[in-house]
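# Structure assessment
For reference, the chains in residue letters:
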Amino acid sequence: TTPLTHFHLDAYAPEGESFKVELTCPPPPGWTQQAPPAVEVVLDGTTTPAFTVGEWVSLDIPLADFQYNAATQPEDFDWTQINQFVISSGDTKLVLLDNIYFRK
C-alpha cells in the first residue's frame, strides 16, 4: 500500500497572523528531552496551502512540509505512532477545526 502523504483539516481562527500545526509521537527508548519528538508546520497567507485569518480554510498539508523541531531528529519521530496534534494561531484563544484526517 501507499503510505499516507497529507494531513488535512478545515480551520477557522478569528485572530492571529499564522497557523501552526504540531504533531507528536511517543519518545523512543533513551529519549532525554523534556518534550516528546515533534514535527511542525507554520502556515500563513503566503504559504501553500495558505491560511487566511477570519475565514474557514481547507488545509491539505503535505507531510513532507513538516519540519522536525530543534530537539527531534528524523530517526526519533515515528510517523506510525502519532498520538497528539497541537494547533495554534498567534495569541487567539479560539480555533475551530473540522474534517481532520490523514490521506494518501
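A brief report on the enclosed structure follows. (Residues numbered from 1 in each chain as written. Predicted model: local features only at pLDDT ≥ 70, side-chain atom pairs only at ≥ 80, totals over all residues. Heavy atoms only, no water.)

## Regarding the side chain of aspartate 76
- By secondary structure assignment, the location of aspartate 76 is in the loop between β5 (67–68) and β6 (84–88).
- This buried residue, aspartate 76, is left without a salt bridge; lysine 20 holds the nearest opposite charge, at 17 Å.
- Residue contacts for aspartate 76: discarding those within four places in its chain leaves Cys25, Pro28, Trp31, Pro37 and Ala71. (Helix = DSSP H or I, 4+ residues; strand = E, 2+ residues; numbered from the N terminus. Buried < 20%, exposed > 50% of the residue type's maximum accessible area, 1.4 Å probe, protein only. Lys, Arg positive; Asp, Glu negative; His and termini not counted. Salt bridge = Lys/Arg side-chain N within 4 Å of Asp/Glu carboxyl O. Contact = heavy atoms within 4.5 Å.)

## Some points on the packing of aromatic side chains
- Per the stated rule, a full pass over the model turns up eight aromatic pairs.
- Measuring from ring centre to ring centre gives 4.7 Å for phenylalanine 19 and phenylalanine 51, while their planes differ by 20 degrees; the resulting arrangement is stacked. Note that phenylalanine 19 is positioned in strand β2 (residues 19–24) and phenylalanine 51 in the loop between β3 (38–43) and β4 (57–62), a separation of 32 residues in sequence. In this pair, the class of phenylalanine 19 matches that of phenylalanine 51, namely buried.
- Seen in terms of ring centroids, phenylalanine 77 and tryptophan 79 are 4.9 Å apart; in terms of plane orientation they differ by 70 degrees. Their pairing is edge-to-face.
- Residue classification places tryptophan 79 among the partly exposed residues on the basis of a relative accessible area of 31%. (Phe/Tyr/Trp six-rings, centres within 6.5 Å; stacked < 30°, edge-to-face > 60°.)

## As for the pattern of salt bridges
- Here the structure, examined in full by the defined rule, presents two salt bridges.
- Between lysine 20 and glutamate 40 there is a salt bridge whose closest N-O contact spans 3.3 Å. Highlighted residues: lysine 20 in strand β2 and glutamate 40 in strand β3, separated in sequence by 20 residues.
- The exposure class assigned to glutamate 40 is partly exposed, which follows from its relative accessible area of 23%.
- Taking the shortest distance from any N to any O, the salt bridge between aspartate 60 and arginine 103 comes out at 2.6 Å. Linking aspartate 60 in strand β4 with arginine 103 in strand β7 (residues 96–103), this pair joins segments that are 43 residues apart in sequence.
- Aspartate 60 sits in the partly exposed class, given a relative accessible area of 26%.
- The exposure class assigned to arginine 103 is partly exposed, which follows from its relative accessible area of 28%.

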